[in-house]
Amino acid sequence: MRERRAATIPSVNREVTLPLIVDDRGTLQVAAADVSRLLRTVGGRWLRLVEAGEEGLDEDTVAALTIELAKLADRIDVACIAHSSGAP
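Model, not experiment: these values are computed from the prediction. (Residues numbered from 1 in each chain as written. Predicted model: local features only at pLDDT ≥ 70, side-chain atom pairs only at ≥ 80, totals over all residues. Heavy atoms only, no water.)

**Comments concerning the overall build of the chain**
Stage number 1. When helices and strands are tallied, the chain shows two helices and three strands.
Stage number 2. When the helices and strands of the chain are listed from N to C terminus, the series reads β-β-β-α-α.
Stage number 3. Residue burial in the chain is summarised as follows: out of 88 residues, 23% are buried.
Stage number 4. Within the chain, contacts between residues separated by at least 24 positions form 28% of all contacts whose residues are at least 6 apart in sequence.
Stage number 5. On the chain, roughly 6600 Å² of surface is accessible, and the fraction owed to carbon and sulfur atoms is 56%. (Helix = DSSP H or I, 4+ residues; strand = E, 2+ residues; numbered from the N terminus. Buried < 20%, exposed > 50% of the residue type's maximum accessible area, 1.4 Å probe, protein only. Contact = heavy atoms within 4.5 Å. Areas by Shrake-Rupley, 256 points an atom, 1.4 Å probe, with all protein chains shown as cover.)

Laid out in structure tokens, this is it:
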């Protein structure tokens, strides 16, 4: 029996909800596209906060973290494309 739930992740005065599915063995399943979208969304929100002049955020640090989140999202996307195309 598969159970479907949602996880709410607080993020700077907003919440992001991801659908979570637990398989028959109790293993948590999250769609890779949802994860890569979440990573890009978090980075984008951080950048908008910096642009809006939010106190306590270092522009260079936010930029570096956003770039790393985007790189991770890209790697997830590439791995999914390779998997779905049957590439080794």
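**Section: a negative patch on the surface**
Stage number 1. A surface patch of negative charge is lined by E51, D58, E59 and D60.
Stage number 2. Structurally, E59 is set in helix α2 (residues 59–85).
Stage number 3. Overall, the relative accessible area of 56% leaves E59 in the exposed class. (Patch = residues over 30% accessible without salt bridge, like charges linked within 9 Å, V, L, I, M, F, W, Y side chains within 5 Å. Salt bridge = Lys/Arg side-chain N within 4 Å of Asp/Glu carboxyl O. Lys, Arg positive; Asp, Glu negative; His and termini not counted. Charge placed at Lys NZ, Arg CZ, Asp CG, Glu CD.)

**A word on helix α1 (residues 32–51)**
Stage number 1. The end-to-end C-alpha distance of α1 is 29 Å, a good match for the 28 Å that 20 residues give at a rise of 1.5 Å each.
Stage number 2. Listed as buried for α1 are D34, S36, L38, L39, G43, G44, R45, L49 and V50.
Stage number 3. Following α1 by one or two positions, G53 has its phi on the positive side, about 85 degrees. (Expected span 1.5 Å × (residues − 1).)

**Points about the confidence of the model for the chain**
Stage number 1. Here the chain averages 79 in pLDDT, while 74% of its residues score no lower than 70.
Stage number 2. Note on residues 6–12: pLDDT is under 50 here. Beyond four places in sequence and across chains, it has 19 contacts. (pLDDT = per-residue confidence, 0-100.)

**Some points on α2**
Stage number 1. Counted at 1.5 Å a residue, the expected span for α2 with its 27 residues is 39 Å, and the 39 Å between its end C-alpha atoms agrees.
Stage number 2. Taken residue by residue, α2 has V62, T66, L69 and A73 as its buried positions.
Stage number 3. Against the buried residues of α2 lie α1.
Stage number 4. Of the residues flanking the end of α2, it is G86, one or two places downstream, whose phi is positive at about 80 degrees.

**Observations regarding the pattern of salt bridges**
Stage number 1. In this structure the tally under the stated criterion is four salt bridges.
Stage number 2. We note a salt bridge from K71 to E68, for which the minimum N-O separation is 3.3 Å. In this pair, K71 and E68 are both assigned in helix α2, three residues apart and thus about one turn of the helix distant.
Stage number 3. Among the charged side chains, a salt-bridge network with shared partners connects R40, D74 and D77.

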